[in-house]
Amino acid sequence: MGDDGEMDIERRWPIGKRWGNNNGVHPVQELNPPRDAVYIDMDRRRMYAWLIPLFVVANVILFIITMYINDCPKNIVAGRHCVARFLGRLSFQPLRENPMVGPSSSALEKMGALESHKVVHAHQGWRLITCIWLHAGVIHLLANMLSLIFIGIRLEQEFGFLRIGVIYLLSGFGGSLLSVLFLQSRISVGASGALFGLLGAMLSELIINWSTYDNKCAALTTLIILVGLNLGVGILPHVDNFAHIGGFIAGFLLGFVLLVRPQFGWVNQRNVPPGYEVESPAESKHRIYQYICLGLAFVLLIVGYTVALVMVFRGVNGNDGCSWCHYLSCVPTSRWSCD
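All figures in this text were calculated on a predicted structure; none of them were measured in a lab.

Rules behind the numbers
Residues numbered from 1 in each chain as written. Predicted model: local features only at pLDDT ≥ 70, side-chain atom pairs only at ≥ 80, totals over all residues. Heavy atoms only, no water. Helix = DSSP H or I, 4+ residues; strand = E, 2+ residues; numbered from the N terminus. Buried < 20%, exposed > 50% of the residue type's maximum accessible area, 1.4 Å probe, protein only. Contact = heavy atoms within 4.5 Å. Areas by Shrake-Rupley, 256 points an atom, 1.4 Å probe, with all protein chains shown as cover. Core = buried A, V, L, I, M, F, W, Y, C linked by side-chain atoms within 4.5 Å. Disulfide = S-S within 2.5 Å. Axes fitted to C-alpha atoms, helices over the stretch in contact; angles between N-to-C directions. Left-handed = near helix turned anticlockwise from the far one by under 90°. Phe/Tyr/Trp six-rings, centres within 6.5 Å; stacked < 30°, edge-to-face > 60°. Lys NZ or Arg CZ within 6 Å of the ring centre and 35° of its normal. Patch = residues over 30% accessible without salt bridge, like charges linked within 9 Å, V, L, I, M, F, W, Y side chains within 5 Å. Salt bridge = Lys/Arg side-chain N within 4 Å of Asp/Glu carboxyl O.

## With respect to the overall build of the protein
- Within the protein, the regular secondary structure consists of 13 helices and two strands.
- Expressed as a percentage of the 339 residues in the protein, the buried residues total 45%.
- Long-range contacts, defined as pairs at least 24 residues apart, comprise 74% of the intrachain contacts of the protein with a sequence gap of at least 6.
- Total accessible area on the protein stands at roughly 18,200 Å², and carbon and sulfur atoms take up 63% of it.

## What to know about the nonpolar core
- The biggest cluster of nonpolar side chains holds 59 residues, and the ones touching the most others in it are L148, I164, Y168 and L198.
- Looking at this core, the elements that each hand over two or more residues are α2 (51-70), α5 (116-120), α7 (138-159), α8 (161-182), α9 (192-208), α10 (216-233), α11 (241-258) and α13 (288-313).
- At ten residues, α9 tops the list of elements feeding residues into this core.
- Counting residues in hydrophobic clusters, the runner-up holds six residues, among them L108, A113, A136 and V189.

## Brief notes about the state of the cysteines
- By the definition in use, this model includes two disulfides.
- Paired through a disulfide, C72 and C82 show a sulfur-sulfur distance of 2.0 Å. Between C72 and C82, the S-S torsion sits near -100 degrees, and that sign places the bridge as left-handed. Taken together, the positions of C72 in helix α3 (residues 72-75) and C82 in the loop between α3 and α4 (105-111) put the pair ten residues apart, joining distant regions of the chain. Take C72 and C82: they sit in the same class, and that class is buried.
- Disulfide pairing places C322 opposite C325 at an S-S distance of 1.9 Å. Its S-S torsion of about 85 degrees marks the bond between C322 and C325 as right-handed, since a negative value means left-handed. Of the two residues, C322 and C325, neither departs from the other in class, the shared state being buried.

## Concerning unusual backbone geometry
- The phi dihedral of A84 is positive, around 60 degrees, even though this residue is not glycine.
- Summarising the element assignment, A84 is placed in the loop between α3 and α4.

## Regarding the packing of α8 against α11
- For the pair α8 and α11, the least separation of the axes is 7 Å and the interaxial angle reads 145 degrees. With respect to the hand of their crossing, α8 and α11 are arranged in right-handed fashion. Listed contacts from α11 to R163, V166, I167, L170, S171, G174, G175, L178, S179 and F182 of α8 are F242, A243, I245, G246, G247, A250, G251, L254 and L258.

## Quick notes on the environment of L258
- Within the secondary structure, L258 sits in helix α11.
- Ignoring sequence-local partners within four residues, the contact set of L258 consists of R163, V166 and I167.

## Examining the packing of aromatic side chains
- Applying the stated rule across the entire model yields eight aromatic pairs.
- With a centroid separation of 6.1 Å and 55 degrees between ring planes, the pair formed by W133 and Y168 is classed as tilted. Pair noted here: W133 is in the loop between α6 (127-130) and α7 and Y168 is in helix α8, with a separation of 35 residues, a long-range link.
- The class of W133 is buried, set by a relative accessible area of 16%.
- Residue class for Y168 comes out buried when judged on its relative accessible area of 0%.
- Here the guanidinium or amino end of R89 rests over the ring plane of Y68, the centre of that ring lying 3.8 Å away.

## Focus on a nonpolar patch on the surface
- A cluster of nonpolar residues, V57, V60, I61, I64, I65, Y68, I69, F86, L87 and L90, forms a patch on the protein surface that exposes about 880 Å² of accessible area.
- The class for I64 is partly exposed, based on a relative accessible area of 45%.

Shown next, in the form of structure tokens:
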């Protein structure tokens with residue numbers, strides 16, 4: 001082929017895996033592919049992220065609705081003053097009552113906060129889902145939404161809205177289940193369980209697609225440190241670390257099921273350009289360890305959710321069978337109490 005032909009081939013293969021002599025791909029005609037020609041990895045194309053921004057907007061709207069229902073000027077205890085009174089009905093509870101700068105606990109309960117007694121004895125299982133969309137205050141909302149934008153948009157661009165949406169919702173649900181089992185003395189709200197699910201999915205995605213990554217050890221170390229630091233914050237008082245742990249475990253398992261990537265060799269063989277044939281044996285789409293991880297994670301998810309749901313609606317208190325588990329959510333020190 002002339003020089004013009006070679007230029008055409010280079011333009012058709014702009015990104016992906018480098019051409020190598022061991023891939024068994026050769027031209028049908030007497031063509032010599034350029035040494036630097038590469039294939040397109042179709043599964044690495046960035047997708048438009050719209051679901052995660054929609055989730056952020058939904059959380060903000062629900063917080064505003066919660067503040068409207070809260071109506072601090074009307075329901076404030078005599079002798080106390082609302083914060084940011086110029087907001088009128090949307091003003092916040094006194095900081096002594098809610099240091100997160102937000103509504104009262106009664107307003108959160110009306111909106112669907114997670115409360116063990118109401119879930120188990122009043123048959124209000126819907127609170128396992130609604131609590132994911134509520135926040136205790138402006139600080140809580142900003143921290144979670146900034147984290148969601150930082151983590152969620154990249155994942156949605158990489159894997160699409162459907163898989164990331166499923167991971168987000170099921171992780172939040174898993175966090176709610178563990179919270180009801182172990183945190184039965186106070187209400188709980190927030191998207192933190194779902195966020196930890198996305199972190200867990202990032203970790204399992206790295207593990208199950210290990211062979212497709214460069215700098216994998218550095219990425220693994222960074223993720224483990226990030227997760228460890230965030231879980232460490234959960235031992236502070238008034239933080240529902242059980243939702244974090246439950247969401248992380250659910251997301252970690254869901255990542256093995258939903259975020260499996262095909263091997264580069266299989267992608268390259270599937271996208272061989274016209275005029276070339278594949279002489280080497282067909283590559284498997286996934287490696288054996290990927291199938292094993294996927295199967296085990298799927299079984300553990302089904303068993304875990306089933307057992308947790310049965311325990312929740314039977315009114316089981318997880319602390320009865322685990323005398324030290326309450327320390328996972330709060331460790332008392334001389335500076336604070338966990339009561």
